[in-house]
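Inside the fold
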Amino acid sequence: MTLRIAEIFGPTIQGEGALIGEPTVFVRTGGCDYRCSWCDSLHAVDSAHRHDWHPMSAEAVWDEVERLSGGTPLTVSLSGGNPAIQDFTQVMALGQSKGYRFACETQGSIAKPWFGALETLVLSPKPPSSGETVDWADFEDCIAATGAKTQVVMKIVIFDANDYDWARAAAGRYPDLPLYLQPGNPDVDPDLPIKTQDSLDRMLWLVEKVTSDGWFTPRILPQLHVLLWGNKRGV
Ligand SMILES: C[S@@+](CC[C@H](N)C(=O)[O-])C[C@H]1O[C@@H](n2cnc3c(N)ncnc32)[C@H](O)[C@@H]1O
Ligand SMILES: Nc1nc2[nH]cc(C(=O)O)c2c(=O)[nH]1
Ligand code: SF4
Ligand SMILES: [Mg+2]
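Calculation notes
Residues numbered from 1 in each chain as written. Chains lettered and ligands numbered in written order. Predicted model: local features only at pLDDT ≥ 70, side-chain atom pairs only at ≥ 80, totals over all residues. UniProt positions renumbered as here; feature names shortened; annotations may be inferred. Helix = DSSP H or I, 4+ residues; strand = E, 2+ residues; numbered from the N terminus. Contact = placed C-beta atoms within 7 Å. Buried ≥ 20, exposed ≤ 12 C-beta atoms within 10 Å, placed from the backbone. Near = placed C-beta within 6 Å. Nonpolar A, V, L, I, M, F, W, Y, C, P; charged D, E, K, R; others polar. Pairing = 2+ DSSP bridges. Axes fitted to C-alpha atoms, helices over the stretch in contact; angles between N-to-C directions. Core = buried A, V, L, I, M, F, W, Y, C linked by C-beta atoms within 7 Å.

1. Regarding the UniProt feature "binding site: substrate" (unreviewed entry) in the protein
- Here, the residues flagged by UniProt with the feature "binding site: substrate" (unreviewed entry) are Ile13, Gln14, Gly15, Arg28 and Ser79.
- For Gly15, the position within the fold is in the loop between strand S1 (2-13) and strand S2 (23-29).
- Leaving out residues up to four positions away in the same chain, Gly15 has contacts with Ile20, Gln223, Leu224, His225 and Val226.
- Inspection of the secondary structure assignment puts Ser79 in strand S4 (residues 75-79).

Structural data, given as structure tokens:
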């Protein structure tokens, strides 16, 4: 079984959501069934970049994760693109036999049996500003594919008031899923610096909106890696 890999990098810290701050190695797959207008990882989505994606065996992926982590077990973050297009059964079996844990970031459009072996499944349904439309039946198939030990969380990116209203309705559908809100980053060019004050202003806007509405369910977090490194790749 060959995997299409855009990049493997780390150790870094998880910059988003439930596991923020946790040391991790990222495995980023190539290819996505979505085309979000504001995607910050187009190098792993757009087929114009497919020549930079590497076909790798599960063993080769695992060897690289082990090398980067110096053989010390940590949480491996599967992201992309949409990692759910591919089959991580073997990579996870190799890692878990050595005490590594696995988290996966996906939009929730494709369910896979290997979700059942994940420690953490981060579902990030896409709000209207993305230009995509969520199929909630597919989303629920993803939840149903997880196992008893899998922590399932929802992380929603918010660019504007319309996204915010949409997130409230989406959260209402899944009251049992821990919810994380993350302000959208409109400046995703890896060659340009981010506007830090603008990022903080978007974060503040979101915090003030949630608190003034008395909506006390979500946690609001920035993309910590973007604040630290901007849009640099491989961190
Ligand atoms: C690049 S995606 C890859 C995984 C999967 N395709 C997904 O969207 O969940 C990883 C995370 O980055 C978020 N993201 C992508 N572009 C973003 C942006 N411009 N600002 C904030 N978050 C963004 C996504 O919503 C997702 O939670
Ligand atoms: N440090 C760091 N944290 C992240 N959390 C989600 C990421 C992603 O692109 O999936 C990401 C990433 O690319 N880097
Ligand atoms: S689903 Fe994720 S990887 Fe795919 S285009 Fe949207 S943000 Fe990018
Ligand atoms: Mg990212």
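From this point, the discussion proceeds with the structure in view.
2. Quick notes on the UniProt feature "binding site: S-adenosyl-L-methionine" (unreviewed entry) in the protein
- When the UniProt feature table is mapped to this numbering, "binding site: S-adenosyl-L-methionine" (unreviewed entry) covers Trp38, Cys39, Asp40, Gly81, Ser124, Pro125 and Lys126.
- Its location among the elements puts Cys39 in the loop between S2 and strand S3 (54-57).
- Taking the C-beta count within 10 Å as the criterion, Cys39 has 18 such neighbours and is therefore assigned partly exposed.
- Mapped onto the secondary structure, Pro125 falls in the loop between strand S6 (120-123) and helix H3 (136-144).
- Residue Pro125 is classed as buried on the basis of its C-beta count, with 25 C-beta atoms lying within 10 Å.

3. Details of the site of ligand 3
- Every residue lining ligand 3 is accounted for by Cys32, Tyr34, Arg35, Cys36, Cys39, Ser41, Val45, Gly80, Gly81, Asn82 and Gln107.
- When grouped by side-chain class, the residues that make up the shell around ligand 3 number five nonpolar, five polar and one charged.

4. Re the sheet that holds strand S8 (residues 179-183)
- Sheet architecture is open: nine strands sit in the order S3-S1-S2-S4-S5-S6-S7-S8-S9, paired in mixed fashion. Each having just a single partner strand, S3 and strand S9 (219-220) make up the two edges of the open sheet.
- Both S1 and S3 contribute to a ladder of four bridges, which runs antiparallel. Within S3, the residue paired with Arg4 across the bridge is Pro55.
- Here helix H5 (residues 196-213) sits on the sheet and contacts strand S7 (151-158), S8 and S9; the angle it forms with S8, its principal contact strand, is near 140 degrees.

5. Topic: the site of ligand 1
- For ligand 1, the set of nearby residues contains 19 residues, the closest of which are Asp40, Ser41, Glu105, Ser124 and Asn185.
- Of all the elements in the fold, those that place two or more residues in the shell around ligand 1 are strand S5 (101-106) and S7.
- By residue class, the composition of the shell around ligand 1 is five nonpolar, 11 polar and three charged.

6. So, the nonpolar core
- Formed by 44 residues in total, the largest nonpolar core has its most connected members in Val27, Val61 and Phe102.
- Sorting elements by how many residues they give to this core places S7 first, with five residues.

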